Structure formats: C-alpha cells, structure tokens
Amino acid sequence: MTRVGPLVVLTRLPDPVSDAARVELQQRGWGDPGSRFGSLVARALTADLLTQWWGRPRAALQFSVSAAGKPSVTDRDGAPGPAFSLSHSDTWVAVAIAADGTLGVDVQSFTTPDPRVIRRVFAQSDRELLDALAGEAQSHEFTRLWTIAEACAKADGTGLPLLLRGFSPIGPGCRGSWQRYSWWSGELAGGRWALASDAAGGSDPEVCELPFESVLARTQDLRATAAYPVTLEESIRRSDDAL
Amino acid sequence: MTDEIRQLIKDFGRLPVDVDTLASNADLYQAGMSSHASVNLMLAIEDHFDVEFPDRMLTRGVFESVDAIAAALAELGIKVPV
C-alpha cells in the first residue's frame, strides 16, 4: 500500500454498548468488555490496520513493548513493521499508522482542567493561553493542548517524565511543530484528537472516521488466530502506548 | 492508609467503576483510568502525602494499582499498610 503521510483512523464507541455488540464481542472470545471496551476495540482495530497496511497475516504480527512502554511490531523474521500508536477515551478510539519514523496519537473527551496539571505540564505561553479563557472555552483549549502534548510524549517514547518535566511551548492552532515532531489536532464530537510524527517531509495525515459497525465488521476474523487476543493483550497491556 | 489512596483514586482517577469493588492489586488502567486521569491522580497523591515522585518513578507501573501506589509511597518514606 502506498501512502505518503500517516493514517489516522477514528471510531466513536456506542454509548451504551448495545446488547448486540456485547454478544458479538463475547462470541469472539472477548468476554464481557465492561470498562475495557475502548481498549479492546483499539487493539483489535490496530491489528486489523497493521495487517492490511503491511500485507502480513494477523498471526505473523509479533508485538513487543519497549522499557518505556512504547509498542512496536515485527514479522516472524524480525523485519520491523510500520510505526503505530493507539488511544482511547470513554467515547472515541484512535489508531495511527505510518510507514516510517515514529508517531503518537491521542484522543480525549473535553475535560475541565486541574490547575496542578496546567502548572506542571505546560509552558508559560500555553498557560497564558489557558488563563485567558474560562468555562467551556478553557476546557476545549486545555483538551487541545493536552492531546498534542500526550501525542508528542508518545511519539518521543518518554511518556510521563517528558509531560511532567518542562514541556516546551505548543502554541495555538491545528497544526504546528514541537521539537522534531510535526503535530496535527482536530475536533471531534465531545473531544479532540492529536497526532505527532517525525516522518520525513511532515506530510499531512489522512484522517478517516469509521462507523463503529464497520470497525466490528473489519475485525471479524481476528478470533480465527489462536493467539488472539492473548498475544496482543499481553504485549500491549502494560502500555496502551507508553502512557 | 490504603483508604486514603482509594479516596484519591475515587476523586481523581475518573474510573467508570467503583474503586472499592477492585482488589488492591487490580490494574487501574484496565479498569478504565486514562493517562490524563493518572496524571491528575499522581499530582493529587503528591499534594496529599507531601512528596514528589522522582523521574525514575514516573512510570505507568507506579500508578497501576492501589498496591503499586502504596509501594511507591513506602519507597518515598510514607508508611502505607497494605
């Protein structure tokens, strides 16, 4: 598959999860998804997208997690696969894939900021952006800044220490750069997503929103591999992508 | 003092389930705690116990369960019976 920029796939989780979806997931060996629903959907969608993007069968995907918690994939011969990142909130799932470089994706529902988080995470110029706002506007701006910061921390692979030790300024807008990463940010119903990537050229991502029913259909055959979901569960369990 | 940790998780962990229904070694991320909520929780723990987590402890594993948080606090000199 030939792509220039990263691919970001988003899907909105049903709320509440329908009985039909629960039955379908249980039939696929997921048990009652409960509060892990978003996490399970993110992992299934990741495996599906990697299979299609890379042209390897699902059973050939070998996942591992770095000491810092950043997941990666190889095939059975050890050949490195595409860079990928996944995220989920209470409402949304996001998966990003790129042919080269490293990347991080984050999705988050709009949230009221805790002043301690603003103080510890954001640079002074970004804090001033937030301080100039109140109420819903502040919540939206905080969510924009947070998702960008988290996407950059995921791409960097350093996670919490980077977030909590002097994050340099992000600035306003829907596209920018932070250190060696390009970032993009977009609004969703009830939240925002952000992607950070250091791929050469900084090409804009292709952003695709799939209906949840379509995601379920795409992951239909995953149970066919005996390793699923154990391999993916165990390998990514500790991280959910570095954070 | 695990009660204090559980109360902080209730207040800042934004779990979709009641933390009192979880075992002390249950994985809070698996229970639905987001990374954003984990940062809120971490900062609330620092304030409540008047400690600062060093960089080496700023890992996902330190905040993944009541037991893990208690162990981290014990390492920082805060006695939390588990």
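Bear in mind the structure is a predicted one, so any value in this text is a computation, not a measurement. (Residues numbered from 1 in each chain as written. Chains lettered and ligands numbered in written order. Predicted model: local features only at pLDDT ≥ 70, side-chain atom pairs only at ≥ 80, totals over all residues. Heavy atoms only, no water.)

A residue-level look at chain B finds 95% of positions with pLDDT of 70 or above and a mean pLDDT of 88. Put simply, helix α2 (residues 35-49) of chain B is where chain B has its lowest mean pLDDT, 91, and helix α3 (residues 66-75) of chain B is where it has its highest, 94. (pLDDT = per-residue confidence, 0-100. Helix = DSSP H or I, 4+ residues; strand = E, 2+ residues; numbered from the N terminus.)

Okay, the pairing of strand β8 (residues 181-188) of chain A next. All names here are of chain A. In terms of burial, β8 is a largely internal element, 7 of the 8 residues being buried. Judged from the 4 bridges that link them, strand β7 (residues 175-178) and β8 form a sheet pairing that is antiparallel. Directly across from Trp-178, in β8, lies its bridge partner Tyr-181. Taking the residues that link successive antiparallel strands as the turn, the β7-β8 hairpin has 2 residues, and the phi of Gln-179 there is positive, at about 50 degrees. Judged from the 7 bridges that link them, β8 and strand β9 (residues 191-197) form a sheet pairing that is antiparallel. Bridge pairing in β9 links Ser-185 to Ala-194. Once β8 ends, the chain turns through 2 residues before running back antiparallel as β9, passing Gly-190 with a positive phi of about 85 degrees. (Buried < 20%, exposed > 50% of the residue type's maximum accessible area, 1.4 Å probe, protein only. Pairing = 2+ DSSP bridges.)

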